[in-house]
Each structure stands twice: as C-alpha cells, then as structure tokens.
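# Descriptive analysis of the structure
Given next are the chains, with one letter for each unit.
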Amino acid sequence: MSGTTADTPIRKAILGSLVGTSLEWYDFFLYGSASALVFNEVFFPTFDPLTGTLLSFLTFAIGFIARPIGGILAGHYGDRFGRKKVLLFTVSLMGGSTVLIGVIPSYATIGVAAPILLILVRLAQGFALGGEWAGGALMIAERAPAARRGFLTSFVQVGVPIGTLLSTAVLYLMSGILSRDAFVQWGWRVPFLLSIVVVLIGVYIRRQVEESPAFTEVESEGRTRRAPILTLLKTQPLDVLRVVGIRAGADILYYLLITFLLTYVTTTLGLPRGVGLLATLIGAGMQLFTYPAFAALSDRYGRKKVTVLGAAGAIAWMLVFFPLVDTKSTGLIVLAVLGGLFFHSAMYGVQASWICELFDTRHRYSGASLGYQLSGIVGGSLAPTIAVALLQVSDSTTLVVVYVCAALALVLVTALLTRETRGGDLRETGVVAKARSAS
C-alpha cells in the first residue's frame, strides 16, 4: 500500500481487525492452553490427570457450542445495522468474560459451583467469538482492491497467531518463574486478568474505523434484508456447507498441533510443559508470515489451488508428525509442529477472502459467520477431546492420525468442488461469481 490518503480507510480497517481479532484469540486460546496445563487440577481435582484433562477439554468445547448462536445474531445485526457496531460489542464481551475466568474460585474453595461458573463464562466467550471473525474479515474484504484482497484480508487471520503468541508467552513466563504450586494456585489467573487492559485498547481502535463501504451502499439504497439469515438459507445453503467442509479439517489439524500437543508431551511423554509451549510459540511466530504469503499466492493462482496444496501436504506430514514428537527431542518436536502449521497456513491463510467472496453483500456477515462457526463445532470444538479419547482407547497415536487425515481429506475434496472466486466484485448483488479466473 502506498502512503496516500486514499489508503487510510483500508489501513484503519486492517489495524482494527488485526488488533481486535488478536485480542479475541488471545482470550480464546488462553483458555485452551490453560485447559491443557492447569484446569484439571483447579476445577476437576477429584479425577485422575488424563480424565481431568478430558473434562477440561469438554469445557473448552462448550465455548464452540455458543459460537454459531453468536454468529447468527452477529450476522443478523451486522447485515441489518452495520459491521462496526457488532464488532465493538464482541470485543467488549470477550474481554469481560476472560477477566471473569481469572476470578472464579477453585473447586477446593466452592466445590462443584466452580466448574459450573467456568462453563457459563465459557459460553459467553464462545458467543462473543462467534460474531468476531466474520465482521473483522468483512471490514477489510469489502474495501480491499480485488487484485490484493486475499493478501490484505489475510491480516484478520494473522490475529490468530498473534493471539496464540501472546497467550502462550504469558503462560510460558508465569509457569517458568513460578513453582508448580504457585502457578496452580494463582499464577494462571494473571494472563486472564490482563484482558482488562487489552480490551480497552481494542475498543479504542475499533471506534476509529469507518463502516464498510459495501454495507453502506446497500443500506443507503434500502437493500438490507429484515431476516438476512433466512435469505441466506434460501439462496446459498450449499455455500454454507462448503465453508464447513473447507474449514473443519484445518481446525482439527490446528487444535491437534496447538492444544492436544500440550497434553500429549506432558502427560504421555512426561516432558516439561515448556517443551510444548516453546513449539507453539515458534510455530505461531512462523504463521505471522506464512498466512499472508499463502494468501498472496492465492491472489495470483487462486484460492482453490492453494487450499488443495495445504490439505494434501498436511495429510503427508501427519504420517511423520508423531514419529518426530515421540523422539522426545525438543528440536524435532518443534520441527513437527512447524511442518504441520506450514501446511495449515496454506489452508487458513486464504479462508478469509474465499469465504467472504462466496456470499452476497446483503447476507454476507450471516453467511460467513454461520459457515465459519458451524465448522468450529464440527472441527475444533471436539478435536482435543476426541484425540485424547482415541489415545486412551488405543494406547497409541494411530487412530489420532487416521482421524486428522480423514478430516483433511474432506478439506481437499470440498475445495475441489467449490468455485474459484478470486477477483470477484464484492459490491455486486447476487452471488459473487464473476471471478477473474473461475474454475
């Protein structure tokens, strides 16, 4: 981007989406990491370690259940009244929920009320995140030039590794400077309480961002829908399913690499928890660059080709992933995670632009939200839980590999069956199908 005044709106949109999404994912991934590391002792201490971790991951999954509800409501109001208002609400709710997690008393203090409160706040977290991603993506995509839309919109995806880096780094720091007892008693709460600071930053930045021009045009012409979700389900139901198919397997791979790995290296391999956190930190740092890189490639070669490359590569990598991890070598564990996240980047980096381009402006927020969040339930929500259960049943990682590869095969097939949208005009009414190189 040049330094012209005309670039200012897109710069503000990118910054607002990037910062807000980073804060949202900081909160969300902080919960996932804490589930793997400490929640079994704090909220489920009466169970053996692996079962307690399984229960912790179930509370992690509960947040995904609320995400489609949040996505539907956010999509409804975002398509009727604007993207900006909804995004201010979601970042505030997410931050507030995370702070509350940091002050919930432990099971030892209030008994069964502790996990119940944890579940309720987790639902609020999921509700907020349900409306976050699509709004952030649309604020960039609907004002980005078509030739660079993939690259520019990928910065909403970059918020994911930033959030992962922040949450993992803070947990890594607290677990490193504190004794195990101190970390379990109070140290894990500090990263959650820090959300009160970052959410204020997010709200301030998002207040400076102007409304999406595509929505403003539709609103000024009186073409908004009273029930956009119903119009979506009537006109583009298959596109919602395509989004689920493209995304679910990538989610499963990601949560295996980021969340399940923490449990596997500590509980099964008996390694220090810092090994898994270090691999996560390095992998997230890599994805700061690989997401935009693959998205830029999709601007040139198409969303479909890049996604197929990522899915096929990830399937091949899964065959060597656990052999590398099982060496117990820190360097090889890091390599295993880096390889998996590299191919994940090819799939996830292009999703923001491809998903936005699939839907009509009048119900684009609803379509992007619903498809994205439904895939979260099918994919990421139960991925750590299923992986732990498969590990318990078979006492080996073979079934885990089969599970992940089957999900990645679904991504590959769905991508091949989904139309190419690169170069489409997002201000057109009707399905964005007039792509520069449809295939």
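Preceding block: the structure.
Everything quoted here is computed from the prediction, not taken from an experiment.

What follows concerns the environment of isoleucine 386. Tracing the backbone through its elements, the reader meets isoleucine 386 in helix α19 (residues 383–394). A C-alpha to C-alpha distance of 42 Å links isoleucine 386 and glutamine 208, two positions 178 residues apart in sequence.

Scanning all chains against the criterion turns up 16 aromatic pairs. Ring centres of tryptophan 188 and phenylalanine 192 lie 5.6 Å apart, and the angle between their planes is 80°; on these two criteria the pair is classed as edge-to-face. Its relative accessible area of 0% is what places tryptophan 188 among the buried residues. Aromatic rings pair up to connect Phe39, Phe43, Trp188 and Phe192 into one cluster. Just above the ring of tyrosine 372 sits the side chain of arginine 247; from NZ or CZ to the centre is 3.6 Å.

So, about empty space enclosed by the protein. The full count for this structure, using the stated rule, is three cavities of 30 Å³ or more. In this structure, the largest cavity occupies an estimated 90 Å³ of space. What lines the largest cavity is Trp25, Phe29, Arg67, Val160, Arg247, Asp251, Tyr254, Tyr255, Tyr291, His344, Tyr348 and Tyr372. Among the elements of the structure, α1 (8–37), α13 (237–268) and α16 (330–348) are those that each provide at least two residues to the lining of the largest cavity. Here the lining of the largest cavity takes four residues from α13, the largest share from any one element. Here the residues of the lining of the largest cavity are counted per class, giving eight nonpolar, one polar and three charged. Around the second largest cavity, the lining residues are Ala13, Gly16, Ser17, Lys84, Leu87, Met139, Arg206 and Val209. Elements supplying a minimum of two residues to the lining of the second largest cavity: α1 and α4 (83–101). Among the residues making up the lining of the second largest cavity, the classes are represented as four nonpolar, two polar and two charged.

Another aspect to go through is the packing of α1 against α4. Where α1 meets α4, the closest approach of the two axes is 10 Å, and the angle between their N-to-C directions is 30°. Taken together, α1 and α4 sit at an angle that is classed as roughly parallel. Crossing angle aside, the handedness with which α1 passes α4 is left-handed. Contact residues: α1 offers Gly20, Glu24, Asp27, Phe28, Leu30 and Tyr31, while α4 offers Thr90, Val91, Met94, Gly95, Thr98 and Ile101.

Rules of the game
Residue numbering note: each chain is counted from 1, following its sequence as written. Residue-level local features of this predicted model are given only where pLDDT is at least 70; pairs of side-chain atoms are given and counted only at 80 or more, and the full residue set underlies all totals for whole chains, interfaces and linings. Neither water nor hydrogens contribute to the side-chain values; these are computed over all heavy atoms in the structure. Secondary structure is summarised from DSSP: a helix means a run of H or I of at least four residues, a strand means a run of E of at least two, and numbering begins at the N terminus for each. Only Phe, Tyr and Trp rings are paired, with Trp represented by its six-membered ring, and only when their centres lie within 6.5 Å; those with planes under 30 degrees apart are stacked, over 60 edge-to-face, the remainder tilted. Think of it in three bands: residues with accessible area under 20% of the maximum for their type are buried, residues over 50% are exposed, and the middle band is partly exposed, with areas taken using a 1.4 Å probe on protein chains only. Over a ring means this: the NZ of a Lys or the CZ of an Arg is within 6 Å of the ring centre and within 35 degrees of the ring normal. Only protein atoms enter the 1 Å grid used here. Points where a 1.4 Å probe fits but cannot escape make up a cavity, open sets with protein on both sides within 12 Å along at least five of seven lines make up a pocket, and a residue lines them when an atom lies within 4 Å of a point. Grid points are joined across faces, edges and corners, and a volume is the space filled by probe spheres set on the points. Under the scheme applied, nonpolar residues are Ala, Val, Leu, Ile, Met, Phe, Trp, Tyr, Cys and Pro; charged residues are Asp, Glu, Lys and Arg; polar residues are all the others, including Gly. Here an angle of 0 to 180 degrees is reported between the N-to-C directions of two axes, which are lines fitted to C-alpha atoms, with helices fitted over the stretch in contact. Roughly parallel here means an angle under 35 degrees, roughly antiparallel means over 145, roughly perpendicular means 65 to 115, and every remaining angle is called oblique. By convention, the crossing between two helices is left-handed when the near helix turns anticlockwise from the far helix through less than a right angle, and right-handed when the turn is clockwise. Between two residues, a contact is recorded if the distance between any of their heavy atoms is within 4.5 Å.

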